[in-house]
Amino acid sequence: MAQSLQRLVGQGATKLIIDMTETTFIDSTTLGVLLSIVKRVRPEGGSVVLICPDRNVKRIFEITL
């Protein structure tokens, strides 16, 4: 995932939708990758949208962001 996202942003993508529908757990590495992507696209006026219905995973993002 990390390489794909980094490649997309490197190619100029500034608006990303990441489908985490089947995700039930994330670790600190995943969280770090997603936060680094957000930090790269926001200064360019971009955004990252996460589709994340699992409330436990969603809670991690609410606490972090």
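This report concerns the structure included in the present document. Here, residues in each chain are numbered from 1, in the same order as that chain's written sequence. Per-residue local features of the predicted model are confined to residues with pLDDT of at least 70, and side-chain atom pairs are confined, for both listing and counting, to 80 or more; whole-chain, interface and lining totals are unaffected and use all residues. Water and hydrogen atoms were dropped before computing side-chain values, which therefore reflect all heavy atoms in the structure.

### Things to note about the overall build of the chain
Inference 1: Each helix and strand counted, the chain has three helices and two strands in total.
Inference 2: Only DSSP runs of H or I reaching four residues or more are called helices, and only runs of E reaching two or more are called strands; each is numbered from the N terminus. Written out in order from the N terminus, the α and β elements of the chain read α-β-α-β-α.
Inference 3: Radius of gyration here uses only the C-alpha atoms, and the compact-globule reference equals 2.2 Å multiplied by the residue count raised to the power 0.38. Whereas a compact globule of 65 residues would reach a radius of gyration of roughly 11 Å, the chain reaches 12 Å, a difference of no more than 12%.
Inference 4: Taking the principal axes of the C-alpha coordinates as reference, the chain spans close to 30 × 20 × 20 Å.
Inference 5: A simple rule labels every residue: compare its accessible area, found with a 1.4 Å probe on the protein chains alone, to the largest value its type can have, and call it buried under 20%, exposed over 50%, or partly exposed in between. Counting across all 65 residues of the chain, residues that qualify as buried make up 25%.
Inference 6: What makes two residues a contact is simply this: any of their non-hydrogen atoms within 4.5 Å. Pairs at least 24 apart in sequence give 78% of the contacts found in the chain among residues at least 6 apart.
Inference 7: Residue-level accessible areas treat just the shown protein chains as cover; the underlying method is Shrake-Rupley with a 1.4 Å probe. Accessible surface computed for the chain: about 4600 Å², of which carbon and sulfur atoms make up 52%.
Inference 8: Here Asp and Glu are counted as negative and Lys and Arg as positive; His is not counted, and neither are the chain ends. Every charge is mapped onto a representative atom, which is NZ of Lys, CZ of Arg, CG of Asp or CD of Glu. Separation between the mean location of the 8 positive side-chain charges and that of the 6 negative ones in the chain comes to 7 Å.

### Looking at a nonpolar patch on the surface
Inference 1: Put simply, a patch holds well-exposed residues, over 30% relative accessible area, that have no salt bridge, with like charges counted together within 9 Å and Val, Leu, Ile, Met, Phe, Trp or Tyr side chains within 5 Å. What counts as a salt bridge is simple: a side-chain nitrogen of Lys or Arg found within 4 Å of a carboxyl oxygen of Asp or Glu. Among the surface-exposed residues, Ile17, Val49 and Ile51 lie close enough to one another that they form a single nonpolar patch of about 280 Å² accessible area.
Inference 2: If you trace the backbone, isoleucine 51 turns up in strand β2 (residues 47-51).

### A look at the packing of helix α2 (residues 28-41) against helix α3 (residues 55-64)
Inference 1: Packing of α2 against α3 brings their axes to within 12 Å, and their N-to-C directions diverge by 55 degrees. Between α2 and α3, the interaxial angle falls into the category oblique. Regarding α2 and α3, the two cross each other, and that crossing is right-handed. Every residue of α3 that contacts α2 at Leu31, Leu34 and Leu35 is listed here: Ile60, Phe61 and Thr64.
Inference 2: Throughout, the ten residues Ala, Val, Leu, Ile, Met, Phe, Trp, Tyr, Cys and Pro are labelled nonpolar, Asp, Glu, Lys and Arg are labelled charged, and all others, Gly among them, are labelled polar. The residue makeup of the contact of α2 with α3, split by class, is five nonpolar, one polar and no charged. Think of each axis as a best-fit line through the C-alpha atoms, taken over the contacting stretch in the case of a helix, with angles from 0 to 180 degrees between the N-to-C directions. Note that the term roughly parallel is reserved for angles under 35 degrees, roughly antiparallel for angles over 145, roughly perpendicular for angles of 65 to 115, and oblique for everything else. Definitions for this section: a left-handed crossing has its near helix turned counterclockwise from the far helix by less than a right angle. A right-handed crossing has that turn clockwise.

### Observations concerning the pattern of salt bridges
Inference 1: Across all of its chains, the model carries one salt bridge by this definition.
Inference 2: With a closest N to O distance of 3.8 Å, glutamate 62 and arginine 59 form a salt bridge. Here glutamate 62 pairs with arginine 59, and both are found in helix α3, just three residues apart, close to one helical turn.

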